[in-house]
Amino acid sequence: MTDAQAISDHWGKGDVYSRILDAMETAGLDPTSVTVEQLAPVDHFHARSFPATVELADVLPIKEGDRLVDIGCGLGGPARYLAKRFKCHVDGIDITAPFVDAANKLSVLVGMEDAVKCQHGDGQKLPYQGETFDGGYTQHVTMNVPDRDVFFGEAFRVLKPGAFFALTEHGLGELGDPHHPVPWSEDGTGAYLMRPSDTVAALKKAGFADIEVRDTGERYLQGYKRAIDLAEKGEVPAFGTHILLGDLTPQIVRNAARNIEERRTHPVQIVCFKPG
Ligand SMILES: C[S@@+](CC[C@H](N)C(=O)[O-])C[C@H]1O[C@@H](n2cnc3c(N)ncnc32)[C@H](O)[C@@H]1O
């Protein structure tokens, strides 16, 4: 099995869209009138979910009419949120076919299929012409990317001069050796964590400049602790990312928190620019 197939199989188990529809029904959400905001607990599939996307969006220089690329778009939640908030267009690409299928169907449900278009593909080989996009981002994707030089090189190629590039990830912590399972890997297979300083060096090597790194560990840790607390009280909401993570969710969440506390992972948000 190729690495790409293994990573896709890890994320997209079974019919993802049907699972989301079932969870909507359990949560009392009507698919014919559901909103971008109501989908957010599931379709912002990264640490701290929707609030983390909002905080990232708050620092990005996105303008009305911009065309953005979301590399590793998952279910397309961040793309729909940005497209709605900034009246821009987002092209998403993701290596997991069932996520792309669900992303496009969810966009139809909320009437955003013209603003957000997702397609299947690998961020290490983007199917776009050079200098196409006004900005790009990749949220919680790079933990699974074996070749950061190629991945960042591709992002750089498809961005216009002056465009921003934003990245959020669990970097490798000072002590390394994360406990598994974690969201991106059950046992370490397909996991390629890098120390934040190495990620910055790889971004510079690709040509990016004005690189700003923000430590997000403490915020993620509080988010994971809240999730653990709700689970212990038996109050996990019906509509949440556990429907994507599966039966290992309790262990995954505990390990994600523990890895940060023990400095095995080092979460960061990075914003940089292609020189104009
Ligand atoms: C934690 S999810 C994040 C999804 C989305 N960015 C979000 O924040 O909601 C990680 C995503 O990265 C995708 N992914 C991993 N490696 C990839 C690659 N080389 N190219 C494109 N997508 C990739 C996975 O398929 C999965 O959808």
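Residues numbered from 1 in each chain as written. Predicted model: local features only at pLDDT ≥ 70, side-chain atom pairs only at ≥ 80, totals over all residues. Heavy atoms only, no water.

For the protein, the count of helices and strands is 11 helices and 7 strands. Rg of the C-alpha trace for the protein: 18 Å, near the compact-globule value of 19 Å for 276 residues, within the 12% margin. On the principal axes, the C-alpha backbone points of the protein span a range of 50 × 45 × 40 Å. In the protein, the share of contacts with a sequence separation of at least 24, taken over all contacts with a separation of at least 6, comes to 80%. On the protein, roughly 12,000 Å² of surface is accessible, and the fraction owed to carbon and sulfur atoms is 52%. On the protein, the mean spot of the 28 positive side-chain charges and the mean spot of the 40 negative ones are 3 Å from each other. (Helix = DSSP H or I, 4+ residues; strand = E, 2+ residues; numbered from the N terminus. Rg over C-alpha atoms; globule rule 2.2 N^0.38 Å. Contact = heavy atoms within 4.5 Å. Areas by Shrake-Rupley, 256 points an atom, 1.4 Å probe, with all protein chains shown as cover. Lys, Arg positive; Asp, Glu negative; His and termini not counted. Charge placed at Lys NZ, Arg CZ, Asp CG, Glu CD.)

Strand order in the open sheet formed by 7 strands is S3-S2-S1-S4-S5-S7-S6, with mixed pairing between adjacent strands. The open sheet has two edge strands with one neighbour each: strand S3 (116–120) and strand S6 (209–215). Taken pair by pair, the neighbouring strands of this sheet meet at an average axis angle of 15 degrees, ignoring direction. When strand S4 (residues 133–139) meets strand S5 (residues 159–172), the two strands line up parallel, connected through 6 bridges. (Pairing = 2+ DSSP bridges. Axes fitted to C-alpha atoms, helices over the stretch in contact; angles between N-to-C directions.)

We now examine the nonpolar core. Grouped together as the largest cluster of nonpolar side chains are 50 residues, with contacts concentrated most on Ile20, Ile62, Leu68, Leu75, Leu82, Val90 and Phe239. Counting residues in each nonpolar core, the second largest holds 25 residues, with Val145, Leu159, Leu167 and Met194 among its members. (Core = buried A, V, L, I, M, F, W, Y, C linked by side-chain atoms within 4.5 Å. Buried < 20%, exposed > 50% of the residue type's maximum accessible area, 1.4 Å probe, protein only.)

Strand S1 (residues 67–71) sits mainly inside the fold: 4 of its 5 residues count as buried. Following the backbone out of S1, through helix H5 (residues 77–86) and into the adjacent parallel strand S2 (residues 89–94), one traces a crossover that is right-handed. Sheet topology note: the S1/S4 ladder contains 3 bridges and is parallel. Paired with leucine 68 across the two strands is glycine 135, which belongs to S4. (Right-handed = clockwise from strand over helix to strand, strands pointing away.)

Around the ligand, the surrounding shell holds 21 residues, and the nearest of these are His46, Gly72, Asp94, Thr96 and Gly123. Note that an oxygen atom of the ligand is positioned 2.6 Å from one of the side-chain N or O atoms of histidine 46. Interatomic distance of 2.6 Å between a side-chain N/O atom of threonine 96 and an oxygen atom of the ligand. Burial of the ligand by the protein chains amounts to 98% of its free accessible area of 590 Å². Split by residue class, the shell around the ligand holds 8 nonpolar, 10 polar and 3 charged. (Near = heavy atom within 4 Å. Polar contact = N/O pair within 3.5 Å; in protein donor to acceptor, adjacent residues only side chain to side chain. Nonpolar A, V, L, I, M, F, W, Y, C, P; charged D, E, K, R; others polar.)

This part takes up the state of the cysteines. For the coordinates displayed, the defined rule picks out 0 disulfides. The cysteine cysteine 118 is free of any disulfide, with cysteine 73 supplying the nearest cysteine sulfur at 3.8 Å. Here cysteine 272 is not disulfide-linked; the sulfur of cysteine 88 is the nearest cysteine sulfur, at 18 Å. Residue classification places cysteine 272 among the buried positions, given a relative accessible area of 1%. (Disulfide = S-S within 2.5 Å.)

Right, let's talk about the environment of valine 236 for a bit. Topologically, valine 236 is positioned in the loop between helix H9 (217–232) and helix H10 (242–245). For valine 236, a relative accessible area of 45% gives the class partly exposed. Every residue in contact with valine 236, bar those within four places of it in the chain, is listed here: Leu230, Ala231 and His242.

The next point concerns unusual backbone geometry. Cis geometry marks the peptide bond from histidine 180 to proline 181, where omega comes out at 5 degrees. The topology assignment puts proline 181 in the loop between S5 and helix H8 (196–206). In this structure, lysine 87 takes a positive phi of about 55 degrees despite not being glycine. Tracing the sequence through the fold places lysine 87 in the loop between H5 and S2. If you check the backbone angles, aspartate 177 has positive phi at about 55 degrees while not being a glycine.

Attention shifts here to the side chain of aspartate 70. As for its position among the elements, aspartate 70 is in strand S1. No salt bridge forms around the buried aspartate 70; measuring N to O, its nearest opposite-charge neighbour arginine 80 is 9.1 Å away. Engagement of the side chain of aspartate 70 in a polar contact is seen with the side chain of tyrosine 137, the distance being 2.9 Å. Setting aside residues no more than four positions away along its own chain, aspartate 70 makes contact with Pro78, Ala79, Val90, Asp91, Gly92, Ile93 and Tyr137. (Salt bridge = Lys/Arg side-chain N within 4 Å of Asp/Glu carboxyl O.)

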